[in-house]
Amino acid sequence: MPAPNVKEVKVFGYSNENQNGATQIAMSDLAFGEKRQVVMSVSLTPDGDMTNQSLGDMKISYLDAKSKEEKNLAVPFEVQVIKEEKARDMINTREAATIKRVQDEALLQNAEE
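Rules used throughout
Residues numbered from 1 in each chain as written. Predicted model: local features only at pLDDT ≥ 70, side-chain atom pairs only at ≥ 80, totals over all residues. Heavy atoms only, no water. Helix = DSSP H or I, 4+ residues; strand = E, 2+ residues; numbered from the N terminus. Buried < 20%, exposed > 50% of the residue type's maximum accessible area, 1.4 Å probe, protein only. Contact = heavy atoms within 4.5 Å. Pairing = 2+ DSSP bridges. 1 Å grid on protein atoms, 1.4 Å probe; cavity = no way out; pocket = protein on both sides within 12 Å on 5 of 7 lines; lining within 4 Å. Points joined across faces, edges and corners; volume = space filled by probe spheres on them. Salt bridge = Lys/Arg side-chain N within 4 Å of Asp/Glu carboxyl O. Patch = residues over 30% accessible without salt bridge, like charges linked within 9 Å, V, L, I, M, F, W, Y side chains within 5 Å. Areas by Shrake-Rupley, 256 points an atom, 1.4 Å probe, with all protein chains shown as cover.

Trainee: Which residues make up the overall build of the chain, and what values do they have?
Mentor: Counting secondary structure elements, the chain contains 2 helices and 6 strands. Secondary structure elements of the chain, listed N to C terminal, follow the sequence β-β-β-β-β-β-α-α. The C-alpha extent of the chain, read off along each of the three principal axes, is 50 × 30 × 25 Å. Taking all 113 residues of the chain together, the buried fraction comes to 12%. For the chain, contacts bridging at least 24 residues in sequence account for 52% of all contacts bridging at least 6.

Structure representation (structure tokens):
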């Protein structure tokens, strides 16, 4: 479930639906060692003076191929909010390549929708 301060979640490249406020993303089977990347746009209202903003929990459910049991994981999902523009710009400059790659992937996924 998303935190109360989360206003909108948009997922690029995977079919998804909102159920009772939670965004559910459908993925096909994964092979051993395979990785998937999910690009999302999240709008939120900052929660006071906190620097770490909770977005809720990311819950992952899957069927274990060997045991045939359903497995569930819950991982806290949060972002860091940096109010000071100079500090934020320094971090964004340091992470520019990653930010650019994610922006490009989001644009590509958006164009495909």
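Once the structure has been displayed, the description carries forward.
Trainee: Describe the pairing of strand β6 (residues 70-80), naming the residues involved and giving the relevant values.
Mentor: Sheet analysis places strand β5 (residues 52-63) next to β6, joined by 11 bridges and oriented antiparallel. The partner of N52 across the bridge, within β6, is Q80. Between the antiparallel neighbours β5 and β6 lie 6 residues, among them K68 with a positive phi of about 65°.

Trainee: Which residues make up the layout of surface pockets, and what values do they have?
Mentor: Estimated volume of the largest pocket: approximately 1400 Å³. As for the largest pocket, its lining consists of 32 residues, of which I25, M58, K59, I60 and S61 are closest to the centre. Of all the secondary-structure elements, those providing two or more residues to the lining of the largest pocket are β1 (6-12), β3 (22-25), β4 (39-44) and β5. Of the residues forming the lining of the largest pocket, the biggest block, 8 residues, is contributed by β5. A volume near 990 Å³ is recorded for the second largest pocket. V79, Q80, N92, I99 and V102 are the residues nearest the centre of the second largest pocket, which is lined by 24 residues in total.

Trainee: Lay out the pattern of salt bridges with the relevant residues and their values.
Mentor: According to the stated counting rule, one finds 3 salt bridges in the structure shown. Ionic pairing is found between E34 and R36, a salt bridge with its closest N-O pair at 3.0 Å. For R36, a relative accessible area of 27% corresponds to the partly exposed category. We note a salt bridge from E95 to R94, for which the minimum N-O separation is 3.9 Å. Residue classification places R94 among the exposed positions, given a relative accessible area of 59%.

Trainee: Please give an account of a nonpolar patch on the surface that cites residues and values.
Mentor: A cluster of nonpolar side chains, namely M58, I60, Y62, L73 and V75, defines an oily patch on the protein surface of about 400 Å² accessible area. For the nonpolar patch, the elements supplying multiple residues, two or more each, are β5 and β6. It is β5 that contributes the most residues to the nonpolar patch, 3 residues altogether. Take M58: it is sitting in strand β5.

Trainee: For unusual backbone geometry, give the residues involved together with the corresponding values.
Mentor: In the Ramachandran plot, N20 falls in the positive-phi region, its phi being about 55° despite a non-glycine side chain. Secondary-structure assignment places N20 in the loop between β2 (16-19) and β3. In the Ramachandran plot, K68 falls in the positive-phi region, its phi being about 65° despite a non-glycine side chain. Following the sequence through the fold, K68 ends up in the loop between β5 and β6.

Keep in mind these values describe shape, not function.
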